[in-house]
Each structure stands twice: as C-alpha cells, then as structure tokens.
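Residues per chain, in single letters:
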Amino acid sequence: MVCGACATGGSSRDEDFTSSRSLKDADQFFNQEEYQTALAQYSAYLYSPFLNKKELPYARYKVGLCHYMIGQYDDALQTLEILLKDNPGVSFTPQARELMQKCQNRIDQRNRQLAGEQKDLEQKIAQYEEFVKTNPVNAEYHFMLGGYYWNYGRYQDAVAEYGRASQLNPAYLEQDVVRQRVRITDSGEFVVRNPLLEFNKMDPVQVQAKMERVERSNWLGTTESLRVSGVVENTGLRDVHNLNIEVSIYDFNDTVQDTKMVNIGKLIAGGKRDFAVMMTRYSGWGVDIRKFAAKVFYDEQR
C-alpha cells in the first residue's frame, strides 16, 4: 500500500513539473513575440493529458491572446468566451473582457470592410454587364466581367464570360487566370476547372516520377527489378485522350536497356493519375542503369 501511494504521488509530481515547464517555454516564446510558436505551446498544455493542470485558465487566456496577436479574432473571441464561462471568477477576468471587446471591434471593422468591398464588386458587375450588353463583341469587357463574377463567387458565370472573350479573341486562352480556372470539355463548353491547379505553359501533360530498386526473394533466390512510379497531370485547358507514358531506362553509355508503355487513357483537364511500371531485363542496378526518362503521347481535341 505504501509503495502504491508513492507511485501515485511521483506520477502527479512528474506531470506537474512537465506541465509547468511547458508553460514556461510558451511564456518565453510569447515574450519574444513568436506568437505562432507560443500558441502551439499553450495549446499543447491546454489539450495535454496531464491530470494536474493548475494553470489551465491562464493557458486558455494566453491562447486567446496569441490568436488576437496574429489576427485570428474569431478564434480569440471564442476561446475567451469559453474561459469566462468555465472560470467566471478568474483573477484576470477584466483583462479577458477588455480583450474580447478589442476582438469584437476588429471583427466589426473587418465586416464593414467586407461589406464595402462587396458593394463595390456588385457595382462593377452591374457596370460591366451594361458594357457587354451595349458592346457584345468587345472581348475585354467579357474578360473583365468574368473576373468580377469569379471574385463574387459566381464561378460558372465567370467561365462562361471567359469563353465568350476567348471566342472573340483566342489570345485570352493564354491568360493565366483562364488557364487556372477553366476546363474546356470535348464539346467545347467552358466549365469550372476542378481542382484549380498550377499550369505549365509548355506541354500541358506533365510527368513527375522516381526510380527505385526493388528486391524480391523466394525459393529460387533473390531477384532485382526497377520500379519507375509517379503521377501524370493534365495542366492544360482541354481533356486529352489515348494518353500513354513511355518509360525507358539507360545504362552509363546512354543506351536504352528497357522500355515499357503505360496506358492511361483519357485524362481530363486538371486531372491526375498515378502510374507504376516494373523493369526486369537487367541486373546490377547502380552499375548498369544510369537514368530513366518518361515521355507522354496523347490526342488533344481541338
């Protein structure tokens, strides 16, 4: 019984020491104005499994203060509301209430700014809708209206305007925002690109791959193979068809040692597909094989 009491007491002291050290580290980061790191440290204490967390209200207050210092006013307000609800008589209640008011002021200021920006955007949309109505063959008007629709969250209306601009002037197909936001279907319809991806102005079909050695053992002994694996991505505007990847490996004399074809099939604009191929016609990887290459072949509808 005595040993059991000692064990329990020791565990509590260890928890108290560890948790106190965690708070001291957090305070140090806060005093150095490293608020993101301090937030992580205070949160670690707040949500830790320690049973003996005497400074829980203090840690929660500091979490709210860190949120405020890095501009996360909604999170700060929510944290402080929980603090005062769970600990109504805490000694720093006045400071917490003052901080809550500051958070609310910042939130109100942000909402007013967003409302003003929303109103300005609605005026721009109305203005350019009138422009395209009175001058429907002006590609720039359609392109600008598409941008305003996009910022307003009317994504399908936006890509429709991008389509009209591109029909009037195909040069708009090379605009960054069009290539990032639009997918053109086989029937020529402009639809919202999903997912929104970075693009490459060269070949729209890009391959990222790696080569690695694979050893397998069985009753016949150990065999060695090479696996080339990766992902192929269509960063273009249009779907591609009959997509194939040719994977070749080369020795130190740059002589092809093996070639395999991987059939992907159709890959929609913005789509990705994983692939892998095994190479087995050689031995002594690292001696015979020097590099690999992956080329793509496909049909693109025009």
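Check the entry above for the structure.
**So, the pairing of strand β5 (residues 240–251)**
For β5, a buried count of ten out of twelve residues is recorded, marking the element as mostly surrounded by other parts of the structure. As defined by bridge partners, β5 adjoins strand β6 (residues 256–267) across nine bridges and the pair is classed as antiparallel. Note on β6: the bridge partner recorded for serine 248 is threonine 259.

**As for helix α6 (residues 139–152)**
Over its 14 residues, α6 extends 20 Å from the first C-alpha to the last, a length consistent with the 20 Å expected when each residue adds 1.5 Å. Turning to α6, its buried residues number three or more, namely Ala139, His142, Phe143, Leu145, Gly146, Gly147, Tyr148, Tyr149 and Trp150. Here the buried face of α6 lies against α5 (93–134), α7 (155–168), α8 (176–181) and β2 (190–192). Between a side-chain oxygen at the N-terminus of α6 and the backbone nitrogen of glutamate 140 the separation is 3.0 Å; the capping residue is asparagine 138. Glycine 153 occupies a position one or two residues after α6 and carries a positive phi of about 95°.

**So, the pattern of salt bridges**
Per the stated rule, a full pass over the model turns up seven salt bridges. Across the salt bridge formed by arginine 154 and aspartate 157, the nearest N and O atoms sit 2.9 Å from each other. Residues lysine 266 and aspartate 239 are paired through a salt bridge, measuring 3.8 Å at the closest nitrogen-oxygen approach. With lysine 266 in strand β6 and aspartate 239 in the loop between β4 (221–234) and β5, this residue pair connects regions lying 27 residues apart in the sequence. You can call lysine 266 partly exposed: its relative accessible area is 40%. Salt bridges sharing common partners tie together Arg183, Asp186, Asp239 and Lys266.

**Topic: the nonpolar core**
Buried together is how nonpolar side chains tend to be arranged in soluble globular proteins. Residues Phe30, Tyr42, Tyr61, Leu80, Leu83 and Leu99 are the most contacted members of the largest nonpolar core, which totals 28 residues. At the level of elements, α1 (2–31), α2 (35–46), α3 (56–69), α4 (73–86) and α5 are the ones that each hand at least two residues to this core. Not counting the four nearest positions on each side in its chain, leucine 83 is found in contact with Pro57, Arg60, Tyr61, Phe92 and Ala96. With 20 residues, the next largest nonpolar core counts Ile125, Phe143, Ala165 and Val178 among its residues.

**A look at the environment of arginine 238**
If you trace the backbone, arginine 238 turns up in the loop between β4 and β5. According to the relative accessible area criterion, arginine 238 is partly exposed, its value standing at 21%. Counting along the chain gives 55 residues from arginine 238 to arginine 183, while the straight-line C-alpha distance between them is 6.0 Å.

**Comments concerning α2**
Its twelve residues give α2 an end-to-end C-alpha distance of 16 Å, which sits within 8% of 16 Å, the value for a rise of 1.5 Å per residue. Those residues of α2 not exposed but buried are Tyr35, Ala38, Leu39, Tyr42, Ser43, Tyr45 and Leu46. End-on view of α2: buried residues confined to an arc of 155°, all on one side of the axis.

What counts as what
Residues numbered from 1 in each chain as written. Predicted model: local features only at pLDDT ≥ 70, side-chain atom pairs only at ≥ 80, totals over all residues. Heavy atoms only, no water. Buried < 20%, exposed > 50% of the residue type's maximum accessible area, 1.4 Å probe, protein only. Helix = DSSP H or I, 4+ residues; strand = E, 2+ residues; numbered from the N terminus. Pairing = 2+ DSSP bridges. Expected span 1.5 Å × (residues − 1). Contact = heavy atoms within 4.5 Å. Polar contact = N/O pair within 3.5 Å; in protein donor to acceptor, adjacent residues only side chain to side chain. Salt bridge = Lys/Arg side-chain N within 4 Å of Asp/Glu carboxyl O. Core = buried A, V, L, I, M, F, W, Y, C linked by side-chain atoms within 4.5 Å. Arc of directions from axis to C-beta.

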